[in-house]
Amino acid sequence: MRKSSNKVLCIIGAIVLSLCIVLSGCGSTTTTTTTTTSVTTTTTPTTRTVMDQNGNAVVIPYKVTRVAPQIGAMAHMTALLGDSNEIVCAADSSLNATFRKIFPGYVQANPKGLSTSNVEDVIASGAQVFYGPITDAATIAKYQAAGIAVIPLNAFSTVDQMKANIRKIAEILGGDAPAKAEVFCTYYDAQIAYCTQNTSSLPKVKVLSLNSVAGVMSTINSTDICSVYMTVAGGVNVAADVTAVSSVSAENVIQWNPDVIITNSADSKAAILAQTTLQSVSAVKNGKIFVVPWGTYLWSVRSAEGAMMPLWLAKIMHGDALTDLDMNKVVRDYYSKFYGYSISDTEIASILAGTPSTTMTK
């Protein structure tokens, strides 16, 4: 009986030992985990592509730091967007002392006064991009051969086209320029809307843009942006349909018989007043000849300060009805908003009188 018990104990012991060995083996199992780390390398591109107004793709440097706006109005747009220090060549003679005071970066960027009217100047400036109303294929080819990207901007006849220009210039400049362009376009639209809403029910005023230089009179037709400003301000451009804008006769002016004449300089106003044949014209007879305001640029042309032109026109044509419109405040707010400049009352008076520091052209 004892032997049988011992035998059983031996069997049980063997089973327990086997279990211990198995459990011991399971406990010694080791799991190894391998982690793979991936490294991503980002390369900054050297170029980017923009589309011109004709739908053509133009390759420009990824970071643009040197530009040549073809006309003074576009130099002004560039400066308004905060990049006057990148204008290495411009229509220098059309940028007056007020422009240079408000935008000292331009003076530093173009100390020699290199001019976009001279192909050699543009090339010598080291400009990366040239933009403006350029159409001459041979000149474009010269710039391209010199490694300068050319972006034609040839449409200026409507508010939408004007906004498209400033947005395109902002796209070329990059950085925060596009955001600034949107702020400007919002402001621009607001001025157009104000004038339209407040003058649409008022009697229309016959208005003529007339300039007299060296005895030759000229005007604008409906293709000029200022004609749009006349319309939204509650006026009618009496020369809207004329084709020969650069050769206006006294007979034309007498036939149109405008209620208001606007002109681009005090000298031009004096020349118009001096013409004895025009004394019967309503605007001359009633003293309704006004010199267009001139700040960092002329308001009546393609500059960004043209955003204030409809307000000024509305005021001179419908001042009695627009008693809430204060042009001194308009100028002060504009210079503060877009230039960060605290303008003086004397400077405002000079701007509204159309007496800039130097002569400017379109």
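Each remark here, short or long, concerns the structure printed above.
All of these numbers come straight from a predicted model, not from anything done at the bench.

Engineer: Just to check I follow, could you spell out the packing of aromatic side chains for this structure?
Structural biologist: Centre distance and the angle of the planes are the two values used to describe a pair of aromatic rings. Overall, the coordinates contain 13 aromatic pairs when judged by the stated rule. For the pair Tyr 334 and Phe 338, a centre-to-centre distance of 4.9 Å together with 50° between the ring planes defines the contact as tilted. Taken as a pair, Tyr 334 and Phe 338 lie in helix α14 (residues 327-339) at a separation of 4 residues, close to a single helical turn. The exposure classification of Tyr 334 matches that of Phe 338, with both residues buried. An angle of 85° between the planes, with centres 5.5 Å apart, marks the rings of Tyr 334 and Tyr 339 as edge-to-face.

Engineer: Looking at this structure, how should I read the environment of Met 317?
Structural biologist: Note that Met 317 resides in helix α13 (residues 309-318). Classification of Met 317 as buried rests on a relative accessible area of 11%. Residues Met 317 and Lys 206 lie 111 residues apart in sequence; the distance between their C-alpha atoms is 9.2 Å. Setting aside anything within four residues of it in sequence, one finds Met 317 in contact with Val 205, Val 207, Met 230, Ala 233, Gly 234, Gly 235 and Val 260.

Engineer: Sorry if this is basic, but what is going on with the nonpolar core here?
Structural biologist: Within soluble globular proteins, side chains that are nonpolar generally end up buried alongside one another. By size, the foremost hydrophobic cluster in this structure holds 83 residues, and its most contacted members are Tyr 131, Phe 184, Ile 262, Trp 299, Trp 312, Leu 313 and Tyr 334. Among the elements that make up this core, the one with the highest residue count is helix α8 (residues 177-199) (9 residues). Among all residues touching Phe 184, those that are not within four sequence positions of it are Leu 80, Ile 166, Ala 304, Ala 307, Tyr 334 and Phe 338. Counting 17 residues, the second-largest nonpolar core is a separate cluster that includes Leu 208, Val 248, Ala 250 and Trp 256.

Engineer: Could you clarify how one ought to interpret the pairing of strand β10 (residues 260-263) in this entry?
Structural biologist: For a regular strand, side-chain orientation follows a simple rule: the groups alternate between the two sheet faces. Here β10 shows two buried faces, one formed by Val 260 and Ile 262 and the other by Ile 261 and Thr 263. Bridge count for strand β6 (residues 205-209) against β10 is 3 bridges, and the pairing is parallel. Residue pairing across strands places Leu 208 opposite Ile 261, the latter belonging to β10. Pairing analysis gives 3 bridges linking β10 to strand β11 (residues 289-291), with the strands arranged parallel. Pairing of Ile 262 across the sheet is with Phe 290, part of β11.

Engineer: Got a minute to help me understand unusual backbone geometry in this structure?
Structural biologist: Keep in mind that most residues, glycine aside, have a negative phi and that most peptide bonds are trans. Phi at Ala 214 takes a positive value of approximately 55°, unusual for a residue other than glycine. Position of Ala 214 relative to the elements: it lies in the loop between β7 (211-213) and β8 (216-218). Note on Ala 214: relative accessible area 79%, which makes it exposed. One non-glycine residue with positive phi stands out, namely Asn 257, at about 45°.

Engineer: When you look at the pattern of salt bridges in this model, what are you seeing that I'm missing?
Structural biologist: Should the charged atoms of two oppositely charged side chains come close, the side chains can pair. Using the criterion set out here, one finds 9 salt bridges in the structure. With a shortest N-O distance of 2.7 Å, Glu 347 and Lys 101 are connected by a salt bridge. Pair noted here: Glu 347 is in helix α15 (residues 345-352) and Lys 101 is in helix α3 (residues 97-102), with a separation of 246 residues, a long-range link. On the basis of relative accessible area, Glu 347 is assigned to the partly exposed category, the value being 22%. For Lys 163, the salt bridge identified is with Asp 160, shortest N-O distance 3.6 Å. With Lys 163 and Asp 160 both in helix α7 (residues 159-173) and 3 residues apart, the pair spans about one turn of that helix.

Engineer: I'm lost on helix α9 (residues 225-232) in this one. Help?
Structural biologist: Three or four residues apart is the spacing at which side chains of an α-helix point the same way, because the helix has 3.6 residues per turn. For α9, the buried fraction is high: 6 of the 8 residues fall into the buried class. Within the sequence span of α9, burial applies to Ile 225, Cys 226, Ser 227, Tyr 229, Met 230 and Val 232. Sitting at the head of α9, Asp 224 places a side-chain oxygen 2.8 Å from the backbone nitrogen of Cys 226. Note on α9: the residue one or two positions beyond its end, Gly 234, has a positive phi of about 90°.

Engineer: Sorry if this is basic, but what is going on with the sheet that holds strand β3 (residues 67-69) here?
Structural biologist: Note: strands within a sheet are paired through backbone hydrogen bonds, in either parallel or antiparallel orientation. Spatially, the 3 strands line up as an open sheet ordered β3-β4-β5, and their pairing is parallel. Each end of this open sheet is capped by a strand with a single partner; those strands are β3 and β5 (149-152). Between one strand axis and the next, the sheet turns by 15° as a mean value, whatever way the strands run. Helix α2 (residues 72-80) contacts β3 and β4 (129-132) of the sheet and is inclined by roughly 135° relative to β3.

Engineer: So what exactly am I meant to see when it comes to the side chain of Ser 209 here?
Structural biologist: Among the structural elements, Ser 209 can be located in strand β6. Residue classification places Ser 209 among the buried residues on the basis of a relative accessible area of 5%. Filtering out sequence-adjacent residues up to four positions away, Ser 209 remains in contact with Ser 218, Thr 219, Ile 220, Met 230 and Ile 262.

Definitions and cut-offs
Numbers given to residues run from 1 along each chain, matching the order in which its sequence is written. This being a predicted model, a pLDDT of at least 70 is required before a residue's local features are given, and a value of 80 or more before pairs of side-chain atoms are given or counted; all residues contribute to the totals for chains, interfaces and linings. The side-chain quantities take in all heavy atoms of the structure and omit both hydrogens and water. Each Phe, Tyr or Trp ring (for Trp, its six-membered ring) is paired with any other whose centre lies within 6.5 Å, and the angle between the two planes then decides the class: stacked below 30 degrees, edge-to-face above 60, tilted in between. Counting from the N terminus, the helices are the DSSP runs of H or I reaching at least four residues and the strands are the DSSP runs of E reaching at least two. Exposure is judged per residue with a 1.4 Å probe applied to protein chains only, and the accessible area is read against the type maximum: over 50% gives exposed, under 20% gives buried, and values in between give partly exposed. By the convention used here, residues are in contact when the closest approach between their heavy atoms is within 4.5 Å. Buried Ala, Val, Leu, Ile, Met, Phe, Trp, Tyr and Cys residues that are joined via side-chain atoms within 4.5 Å together make up what is termed a nonpolar core. Two strands pair under a simple rule: DSSP has to find at least two bridges between them. Whenever a carboxyl oxygen of Asp or Glu lies within 4 Å of a side-chain nitrogen of Lys or Arg, that contact is scored as a salt bridge. Pairs of N or O atoms within 3.5 Å make up the polar contacts considered here, provided that, within protein, one atom can donate a hydrogen while the other can accept it, and that residues adjacent in sequence are counted only when both atoms are side-chain atoms. Only C-alpha atoms enter the line fits that serve as axes; for helices the fit covers just the stretch in contact. Angles between N-to-C directions range over 0 to 180 degrees.

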